[in-house]
Amino acid sequence: ARIAELAEKLSASDAMRAIRFAEVVVLLVDATHPFEQQDLVIGNRVIEEGRALVIAVNKWDAIEDKQRTLRSMRETVEE
């Protein structure tokens, strides 16, 4: 558990540092579990830093009701 927590912290730290130096950030989210807490934190940080944000969706082929999922994801982004 401690190793996983340390890896998570280092990963988040690297992401935040990369955001500061980027002009455009591509946030890759999992379609089967879209916009988990860390995705939202990173997305908000990108916006706060004034960077362009592109949201890419992985595992889209695993989604059965694509229209409903897309609508839900758009609502989350708008919030």
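Residues numbered from 1 in each chain as written. Predicted model: local features only at pLDDT ≥ 70, side-chain atom pairs only at ≥ 80, totals over all residues. Heavy atoms only, no water.

**So, the nonpolar core**
Ranked by size, the top nonpolar core spans 10 residues in total: Met16, Ile19, Ala22, Val25, Leu27, Val29, Phe35, Ile42, Val46 and Met73. For this core, the secondary structure elements donating two or more residues are helix 1 (2-21), strand 1 (24-30) and helix 2 (37-48). (Core = buried A, V, L, I, M, F, W, Y, C linked by side-chain atoms within 4.5 Å. Buried < 20%, exposed > 50% of the residue type's maximum accessible area, 1.4 Å probe, protein only. Helix = DSSP H or I, 4+ residues; strand = E, 2+ residues; numbered from the N terminus.)

**Details of the pairing of strand 2 (residues 52-58)**
The pairing of strand 1 with strand 2 spans seven bridges and is classified as parallel. If you follow Val24 over to strand 2, its bridge partner there is Ala52. With helix 2 bridging strand 1 and the parallel strand 2, this β-α-β connection has right-handed handedness. (Pairing = 2+ DSSP bridges. Right-handed = clockwise from strand over helix to strand, strands pointing away.)

**A closer look at helix 2**
Helix length check: helix 2, at 12 residues, gives a terminal C-alpha distance of 16 Å against a target of 16 Å (1.5 Å per residue), a fit within 8%. Within the span of helix 2, buried status applies to Asp39, Ile42, Gly43 and Val46. One face of helix 2 carries all of its buried residues, which in axial projection span an arc of 100 degrees. Away from its buried face, by an angle of more than 90 degrees, helix 2 presents the exposed residues Gln37 and Glu48. Positive phi shows up at Gly50, right after helix 2, with a value of about 75 degrees. (Expected span 1.5 Å × (residues − 1). Arc of directions from axis to C-beta.)

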